[in-house]
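Listed below are the residues making up each chain.
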2 protein chains.
Amino acid sequence: MHILIIGAAGMLGRKLAAHLAARGTLNGQPITRLTLADVVAPTAPGFAGQTATMTIDLADRATATALAALRADVIFHFAAIVSGEAEADFDKGYAINLDATRALFDAIRLDVQAGSPVPRVVFASSTAVFGAPFPAKIPDDFHATPRSSYGTQKAMAELLLCDYSRRGFLDGIGLRLPTICIRPGTPNKAASGFYSNILREPLVGLPANLPVPDTTRHWFASPRSAVGFFDLAASLDLTTLGPSRILNMPGLSATVAEQIEALRDAAGHDAVRLITHNPDPVIAKIVNTWPQDFDTARATALGFTADASFDQIIATHIADELGGAL
Amino acid sequence: MHILIIGAAGMLGRKLAAHLAARGTLNGQPITRLTLADVVAPTAPGFAGQTATMTIDLADRATATALAALRADVIFHFAAIVSGEAEADFDKGYAINLDATRALFDAIRLDVQAGSPVPRVVFASSTAVFGAPFPAKIPDDFHATPRSSYGTQKAMAELLLCDYSRRGFLDGIGLRLPTICIRPGTPNKAASGFYSNILREPLVGLPANLPVPDTTRHWFASPRSAVGFFDLAASLDLTTLGPSRILNMPGLSATVAEQIEALRDAAGHDAVRLITHNPDPVIAKIVNTWPQDFDTARATALGFTADASFDQIIATHIADELGGAL
């Protein structure tokens, strides 16, 4: 089985590649070949099979043709311009999040129409396809009325994925991910960054600022859970999914106060005291438009599972990123 | 005021052009210039102002630039590959319904970013963006899960229209039209054709076949109502519409039996006896997946109105198409 990961240098792409390489199988079948593509050179994990890395420019339409020509059995498509950049650079956001995605689907279609087997395509979508006001729990079929160009591009790509799947040009599934927490690495400028910062930094004795009230509720999954979503999505029989191939992934709805109590349980009062409380009205305004909870009955019935508590999310971070202990 | 109609050779484009030319104003302002564009040469109505017709190829990207360069104050965009053809010719459907629409919006954006005034763009969308199962009455914000490539392309264009409007690149509104009935002309092969055929043909003494049970319910508006929708949509202040610029248009939910009783009222038993009842399971299967009724509270609050009864729809047809009498 040949697996292609597009966007393999990103956090989830890297973790998924490492996970698949370590197990060496997908859905019980041996992985013989792993191709990792990204705009910056991906790092190949240790792997017994054949591994290739590709540095690609998705804005170049020839890239889609080259990727489809690999005739991978499973294609994970993570590559995207993130929300803030897609809003700041209108052309770039549409070029990558819409045009490159469509070019990829279309190159696959032409290959399939020429006789190639239909590949599984697992697409990373986003809850940004939804816009406030929200119900208490957002179902899969809540209307997609995005409030950003990024959300618009993801919603358009979802529509394409469903139409191409319906026509038999690819076997697609799209996953709308919760906010990934605890995101490893260093603090970044994403509006959502503080949700990870206030745990990751104090866990290693560093300060972090909380710019919103601790009553703020949001929707989370650990990186390990997210890798599990993509792994399962690549393995499922999708013939019973019906016309919508897009699923809200399960997650944990929690307040910042609950995050902080889990930090206290794991690392004590001193860690919690490293959190400063300097309000940022700009971030608060953005965060207040974000969803807080989802109805994920459809994904749960298919076997997708996420973290049960922030204690578990923190334990996962300590195990996966901090060598197992503080 | 300069008005551009793209798709001006089609039934609604022609009727709208004639309506605007006859009145000579839009929203109380004089229309000084009317540009009619279509893939086949449009016919210009009698008009006191400046009229131009353009034969255009929307698959050619230069067309969008040329249309935007006209700097019309109001742009009506009717041009589309219809449902059946978009399903049969995948590339053509996407090329016109998605790519040409996006190229138009993008050419307008570039002009606006270069300093041109923001035009009103009125886009003809479709209830084909929705897919069964439906609620009793479909609201504006029912999820768009199309069951056709045509519906997918219209849903993607709606998302673009909303994003371009949100960013201030155009001032857009999209109208999801009921099935137009009574469609003038000769019987065509559209699956929905019989809804018009069973009235239009017997009204002039000709036979027509009903391929479905007379209990079949559907959603209708007369051509005159549809022209009224576009006229009003060009005139409204849209600043209060919020993030979704897409509206289900009002219509009449009626059964075939109700259509037939209105025919009997207007033209007597002999006219009704011209309807044959040869079931067509292929058409019945398609029609059974179509919506039957809509919640159009949002459009109604903005002043959009449709026909109150099939008696009225038939009277309108007699007035507009048959010279006022049978």
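Residues numbered from 1 in each chain as written. Chains lettered and ligands numbered in written order. Predicted model: local features only at pLDDT ≥ 70, side-chain atom pairs only at ≥ 80, totals over all residues.

Enquirer: Help me understand the domain arrangement of chain A in this model?
Expert: You'll often see interface size given as the accessible area lost when the parts meet. Residue and element names in this part refer to chain A. Its domain assignment divides chain A into domain 1 (2–178 + 220–248) and domain 2 (193–219 + 252–292 + 308–321). The straight-line distance from the C-alpha centre of domain 1 to that of domain 2 is 28 Å. Taken together, the contact pairs 11 residues of domain 1 with 9 residues of domain 2. In terms of residue class, the side of domain 1 that touches domain 2 is built from 7 nonpolar, 2 polar and 2 charged. (Domains from an automatic or database assignment. Contact = placed C-beta atoms within 7 Å. Nonpolar A, V, L, I, M, F, W, Y, C, P; charged D, E, K, R; others polar.)

Enquirer: How do you make sense of unusual backbone geometry when you look at a structure like this?
Expert: For residues that are not glycine, phi is negative in most cases, and the peptide bond is trans in most cases. Geometrically, the link from Cys181(A) to Ile182(A) is a cis peptide bond, its omega value of 5° lying close to zero. By the secondary structure assignment, Ile182(A) is in the loop between strand 9 (179–180) and helix 6 (193–203). For the peptide bond that leads from Ala132(B) to Pro133(B), omega is 0°, which places it in the cis range. By the element assignment, Pro133(B) lies in the loop between strand 7 (120–126) and helix 5 (149–166). Unlike most non-glycine residues, Asn27(B) shows phi in positive territory, near 55°. The residue Asn27(B) is located in the loop between strand 2 (25–26) and strand 3 (29–30) in this model. One non-glycine residue, Arg71(B), lies in the positive phi region at around 50°. (Helix = DSSP H or I, 4+ residues; strand = E, 2+ residues; numbered from the N terminus.)

Enquirer: What is the right way to read the interface of chain A and chain B from this model?
Expert: With 15 residues of chain A in contact, the opposing surface of chain B contributes 15 residues. Of the residues assigned to the side of chain A that touches chain B, the class counts are 6 nonpolar, 6 polar and 3 charged.

Enquirer: Explanation requested: the packing of helix 1 (residues 11–23) of chain B against helix 7 (residues 223–235) of chain B in the structure shown.
Expert: Packed helix pairs are specified by the crossing angle of their axes together with the interaxial distance, meaning the distance between the axes. Residue and element names in this part refer to chain B. Contact pair helix 1 / helix 7: the axes reach a minimum separation of 9 Å and the direction vectors enclose 65°. As far as their axial angle goes, helix 7 and helix 1 are roughly perpendicular. Viewed along their axes, helix 1 and helix 7 form a crossing whose handedness is right-handed. From helix 1, Met11, Leu12, Lys15, Leu16 and His19 reach across to helix 7, where they touch Pro223, Ala226, Val227, Phe230 and Asp231. Here the contact of helix 1 with helix 7 is built from residues that sort into 7 nonpolar, 1 polar and 2 charged. (Axes fitted to C-alpha atoms, helices over the stretch in contact; angles between N-to-C directions. Parallel < 35°, antiparallel > 145°, perpendicular 65-115°, else oblique. Left-handed = near helix turned anticlockwise from the far one by under 90°.)

Enquirer: Can you help me understand the relation of the copies chain A and chain B in this one?
Expert: Between the two chain copies there is a screw-like relation: a rotation about an axis and a shift along it. Of the two same-sequence chains, chain A is brought onto chain B (RMSD 0.0 Å, axial shift 0.0 Å) by a rotation of 180°. Both copies are brought into coincidence by an operation consistent with a two-fold rotation axis. Across chain A, the smallest distance between a C-alpha and the rotation axis is recorded for His143(A), namely 2.1 Å. (Least-squares fit on C-alpha atoms with pLDDT ≥ 70 in both.)

Enquirer: Please explain the sheet that holds strand 5 (residues 50–55) of chain B as it appears in this structure.
Expert: By definition, the strands of a sheet pair up through backbone hydrogen bonds, in either a parallel or an antiparallel sense. Residue and element names in this part refer to chain B. What the 7 strands build is an open sheet, ordered 5-4-1-6-7-8-12; its pairing is parallel. Because the sheet does not close on itself, it has two edges, and the strands there are strand 5 and strand 12 (246–248). On average, each strand axis in the sheet is inclined to that of its neighbour by 15°, with strand direction left out of account. Pairing of strand 1 (residues 2–6) with strand 6 (residues 74–77), which is carried by 4 bridges, proceeds in the parallel orientation. Within strand 6, the position partnered with Leu4 by the bridge is Ile75. Across the sheet, helix 5 lies against strand 7, strand 8 (171–177) and strand 12, angled at about 155° from strand 7, the strand it touches most. Relative to the sheet, helix 7 contacts strand 6, strand 7 and strand 8, its axis offset from that of strand 8 by approximately 165°. (Pairing = 2+ DSSP bridges.)

Enquirer: How should helix 2 (residues 61–69) of chain B be read in this particular structure?
Expert: Quick reminder: α-helices carry 3.6 residues per turn. Residues three or four places apart thus point the same way. All names here are of chain B. Along helix 2, the residues classified as buried are Thr63, Ala64, Leu67 and Ala68. Down the axis of helix 2, the sector holding all buried residues measures 130°, keeping them to one side. Residues Ala62 and Ala69 are exposed on helix 2 and point more than 90 degrees away from its buried face. The elements touched by buried residues of helix 2 are strand 1, strand 4 (33–38) and helix 4 (90–113). Positive phi shows up at Arg71, right after helix 2, with a value of about 50°. (Buried ≥ 20, exposed ≤ 12 C-beta atoms within 10 Å, placed from the backbone. Arc of directions from axis to C-beta.)

Enquirer: Even after reading the chapter, I still don't get the nonpolar core, so can you show me in this structure?
Expert: The tendency in soluble globular proteins is for nonpolar side chains to be buried side by side. Counting residues in each nonpolar core, the largest one holds 190 residues, and the members touching the most others are Ile5(A) and Ile5(B). The contacts of Ile5(A), once residues within four sequence positions are left out, are Gly13(A), Leu16(A), Ala17(A), Leu36(A), Ala37(A), Phe76(A) and Phe78(A). (Core = buried A, V, L, I, M, F, W, Y, C linked by C-beta atoms within 7 Å.)

Enquirer: Whenever I open this one, the sheet that holds strand 6 (residues 74–77) of chain A confuses me. Can you help?
Expert: All names here are of chain A. The 7 strands lie next to each other as 5-4-1-6-7-8-12, forming an open sheet whose pairing is parallel. With one partner strand each, in any of the chains shown, strand 5 (50–55) and strand 12 (246–248) form the two edges of the open sheet. Direction aside, neighbouring strands of the sheet carry axes that sit 15° apart on average. Bridge analysis of strand 7 (residues 120–126) against strand 8 (residues 171–177) gives 7 bridges, and the strand direction is parallel. Bridge pairing in strand 8 links Phe123 to Gly174.

Enquirer: What exactly am I supposed to notice about the pairing of strand 11 (residues 217–221) of chain B here?
Expert: A regular strand places its side chains so that they alternate between the two faces of the sheet. Residues and elements named next belong to chain B. When you tally the buried positions in strand 11, you get 4 out of 5 residues, the bulk of the element. Where strand 9 (residues 179–180) lies against strand 11, 2 bridges are found, and the strand directions are parallel. Note on strand 11: the bridge partner recorded for Thr179 is Phe220. With 4 bridges joining them, strand 11 and strand 13 (residues 252–255) adopt antiparallel strand pairing. The residue of strand 13 that forms the bridge with Phe220 is Leu252.

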